[in-house]
Amino acid sequence: MSAARSTRMRNDPAHPKSGTKTTTTKRSASTESRARQPSTGHRTDLLESMLRIRHFEERCVELYSAAKIRGFVHLYIGEEAVAVGVNEALTPEDAVVSTYREHGHALARGITADAVMAEMYGRTTGCSGGRGGSMHLFDASRRFYGGNAIVAGGLPLAAGLALADRMRGRTDVTCCFFGDGAFAEGEFHETANLAALWKLPLLLVCENNLYAMGTALERHQAQTDLAMRAASYGMVAWAVDGMDVEAVEQAAQRAVEGIRAGTGPHFLEMRTYRFRAHSMYDPDRYRDKAEIEQWKSRDPISLLTDRMRENGELGDREVARIEQRITAEIDQAVEAAEKAPEEPVEDLLHHVTSSSAEAVS
Amino acid sequence: MGVDGTHEAKTTYREAMREALREALRSDDRVFLMGEDVGRYGGCFGVSLGLLEEFGPERVRDTPLSESAFVGAGIGAALAGMRPIVEIMTVNFSLLALDQILNNAATLLHMSGGQLPVPLVIRMTTGAGRQLAAQHSHSLEGWYAHIPGIRVLAPATLEDARHMLAPALADPDPVLIFEHGSLYNVSGELLPPDAPVDLDHAAIRRPGTDISLITYGGSLPKALAAADELAAEGISAEVIDLRTLRPLDDEAITASVTRTHRAMVIDEAWRTGSLAAEVSARIAEGSFYELDAPVERVCSAEVPMPYARRLEEAALPQTADIVAAAHRAVD
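Residues numbered from 1 in each chain as written. Chains lettered and ligands numbered in written order. Predicted model: local features only at pLDDT ≥ 70, side-chain atom pairs only at ≥ 80, totals over all residues. Heavy atoms only, no water.

### With respect to the nonpolar core
Phe178 and Phe267 of chain A together with Val71, Leu108, Ile122, Tyr144 and Leu242 of chain B are the most contacted members of the largest nonpolar core, which totals 99 residues. Looking at this core element by element, the count peaks at nine residues for helix α5 (residues 154-167) of chain A. Residues contacting Leu108 of chain B, with those up to four places away along its chain left out, are Phe138 and Leu157 of chain A together with Ile75, Leu79, Leu116 and Val118 of chain B. One finds Val86, Leu203, Ala247 and Ala337 of chain A within the second-largest nonpolar core, a separate group that totals 65 residues. (Core = buried A, V, L, I, M, F, W, Y, C linked by side-chain atoms within 4.5 Å. Buried < 20%, exposed > 50% of the residue type's maximum accessible area, 1.4 Å probe, protein only. Helix = DSSP H or I, 4+ residues; strand = E, 2+ residues; numbered from the N terminus. Contact = heavy atoms within 4.5 Å.)

Structure, rendered in structure tokens:
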């Protein structure tokens, strides 16, 4: 394999070269993209999915301020295009491993707003039965494996899921989300090496939002071209405009096709930005207001909405209809969570070992 | 070399463990062995010698030196329906995978509200006695016994080496197996088990009436040797092999102390914050009024394990230390 060539882009919100391939790894014609043809209906679905995440989290802010939900709550606002676009490339049989900033991944994966909201409330009807909270959302039936609150901690796990799927003769892909901060952890590099060495069916999705908690990329990475570094492990690696849901979807489709064709792990660096602070506790003193505003001008929801309006695919009435539907959905989720039962304290020691309690169905 | 035949009378702990692995690989397609040098090299301690040739590189899988990645991969593979056996060379190296063991293997079932059991077996060596100095010699199994959500085993006999693996693999939760490095060459006649080996109960390795010597793993032979010496002096020592360090068999400990009224814990870990401390506390909590003497503890000296032979020997619990402690309790 030839050496990767650096196409380092400045941390400029107006990514001029989104989708730039940062490795010269040869790809056969059979793995060339057969991305879904754009259609109005599909774009509307993407928009609705992003709006669901946005509205869900905006409600979380209110509920947190009202002390209805607690703990660490890490919002995904601004990054919705990544979860939604990547999920479009996955089938229900594929596996997903996520981080502590995973509301968007969970909702895009099809876990209902009801189940996620009830988990935020710590209720038995939550997707983790109230034992996990915001940072530990799980749904075994959707192969959604969390919800890992140790930076890079989900990566080895994802390699194992991919290994097992391959050993069992399945063609499933495991998709692992993680942030730019994971590049400083050994677990990322151990996993990248292992996955490339064993050619595991693993999609590594780095959500590079330019900050590891409060530390800017330049201050936590000696080499900030993340896709180039991933390529150095011998895997196909791309940088993608993470604010453009369609670009994300196309890149993910292409990567998943390559993985299913047996070419080993693929890496996507999603260049994105979180509009809110790291968590609800974070006063966000480390970012320039102008920088935030500049990125907000490329809000993934506005970006898609504007594109659809320009194409005449979306009118005010349609937007209002979607917004109304989602608002009702989240109202209902909050109402259900409020009414949902709390687990009795007598059950405290359940789920420590398999014999210590019944598993939730 | 087979231990299942009747022609060979003697086998070693290493061979018993290998036979257990062979049986596991033969009997269940979901089982695979993964770790550093388990394949071509035959295992750092020779446990998996020959298994690569028999089962192939998919199921006897050499890994890079990446404890965190391959232990985590074992967890992921277990979640996806496999039954991985992960070998870590020594307990010291397992610290590189502690995040995966504690934050994922032990925790996923609970965090997921019961959705994600992790049927994983992790094997590793522990203990000192081979002059391997401070980074290859420690006994940290007590730390793992601190963690809810995992089971911790310490097979000390040929029979346990041979027969604990199958029930460990059948356990839906993570099981850690600690093999003391000094046991691998122990040889003897492998007896067929009286009953299926269970992972919940301690074993009385030698009945006695005057004092309970409570131990596990690599200290068991020393405790049995001490019991022999004590018997020659007319002191009847009962030797309890804990076998399972988590969950502890409280009933067996209590029953023994109720018989003998004196207790000693022998543990190769450091005394401070050790498993010996936990067992002692449980005896104080549950059997205080049965005691005719304070609980004795024989542990390693509070020092990183030295290389020099006489210093290493001095740091470790020895038979003479156990005999001396028994005298303090009984005399």
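Don't stop here, the text continues.
### Here we look at the packing of helix α1 (residues 40-65) of chain A against helix α9 (residues 245-260) of chain A
Residues and elements named next belong to chain A. Running from N to C, α1 and α9 point in directions that differ by 105 degrees, and their axes come no closer than 11 Å. Judged by the angle between their axes, α1 and α9 are roughly perpendicular. Between α1 and α9, the residues in contact are His42, Arg43, Leu46 and Met50 and Val245, Glu246 and Glu249, respectively. When the residues that make up the contact of α1 with α9 are grouped by side-chain class, the tally is three nonpolar, one polar and three charged. (Axes fitted to C-alpha atoms, helices over the stretch in contact; angles between N-to-C directions. Parallel < 35°, antiparallel > 145°, perpendicular 65-115°, else oblique. Nonpolar A, V, L, I, M, F, W, Y, C, P; charged D, E, K, R; others polar.)

### Description of the interface of chain B and chain A
The interface of chain B with chain A comprises 38 residues on the first partner and 41 residues on the second. Surface buried jointly by chain B and chain A totals about 3,200 Å² across both partners, of which 63% is contributed by carbon and sulfur atoms. On the chain B side of the interface with chain A, the three residues burying the most area are His110, Met111 and Gln115 of chain B, jointly 20% of the side's total. Counting across the chain B and chain A interface gives one salt bridge. With a shortest N-O distance of 3.6 Å, Arg166 of chain A and Glu58 of chain B are connected by a salt bridge. Across the chain B-chain A interface, the total number found is 18 residue pairs in polar contact (both at pLDDT 80 or more). Only β2 (31-35), β3 (60-62), α3 (67-79), α5 (98-105) and α6 (108-111) of chain B provide two or more residues apiece to the side of chain B that touches chain A. For the side of chain B that touches chain A, the element with the highest residue contribution is α3 of chain B, accounting for nine residues. A per-class count over the side of chain B that touches chain A returns 17 nonpolar, 15 polar and six charged. (Buried area = accessible area lost by both parts, 1.4 Å probe. Salt bridge = Lys/Arg side-chain N within 4 Å of Asp/Glu carboxyl O. Polar contact = N/O pair within 3.5 Å; in protein donor to acceptor, adjacent residues only side chain to side chain.)

### Observations regarding the sheet that holds strand β14 (residues 296-300) of chain B
All names here are of chain B. Read from one edge to the other, the open sheet built from five strands follows the order β9-β11-β10-β13-β14, with strand pairing classed as mixed. A single partner strand is all that each edge strand has here, and the edge strands are β9 (203-206) and β14. Between one strand axis and the next, the sheet turns through 25 degrees on average, direction left out of account. As judged from the five bridges shared by strand β10 (residues 211-215) and strand β11 (residues 237-241), these two strands associate in the parallel manner. (Pairing = 2+ DSSP bridges.)

### Side note on the sheet that holds strand β2 (residues 144-148) of chain A
Residue and element names in this part refer to chain A. Taken together, the six strands give an open sheet; going across it, the order is β2-β1-β3-β4-β8-β7, and neighbouring strands pair in parallel fashion. Of all strands in the sheet, those bounded by a partner on one side alone are β2 and β7 (236-241). For this sheet the average axis-to-axis angle between neighbouring strands, irrespective of direction, equals 15 degrees. The pairing of strand β4 (residues 202-208) with strand β8 (residues 266-271) spans six bridges and is parallel. By the bridge assignment, Leu204 is partnered in β8 with Phe267.

### So, the pattern of salt bridges
All names here are of chain B. According to the stated counting rule, one finds 44 salt bridges over all chains in the structure shown. The salt bridge involving Arg162 is made with Glu23; its shortest N-O contact spans 3.6 Å. Of the two residues, Arg162 sits in helix α8 (residues 158-163) while Glu23 sits in helix α1 (residues 13-27), which places them 139 residues apart along the sequence. Ionic pairing is found between Arg30 and Asp28, a salt bridge with its closest N-O pair at 2.9 Å.

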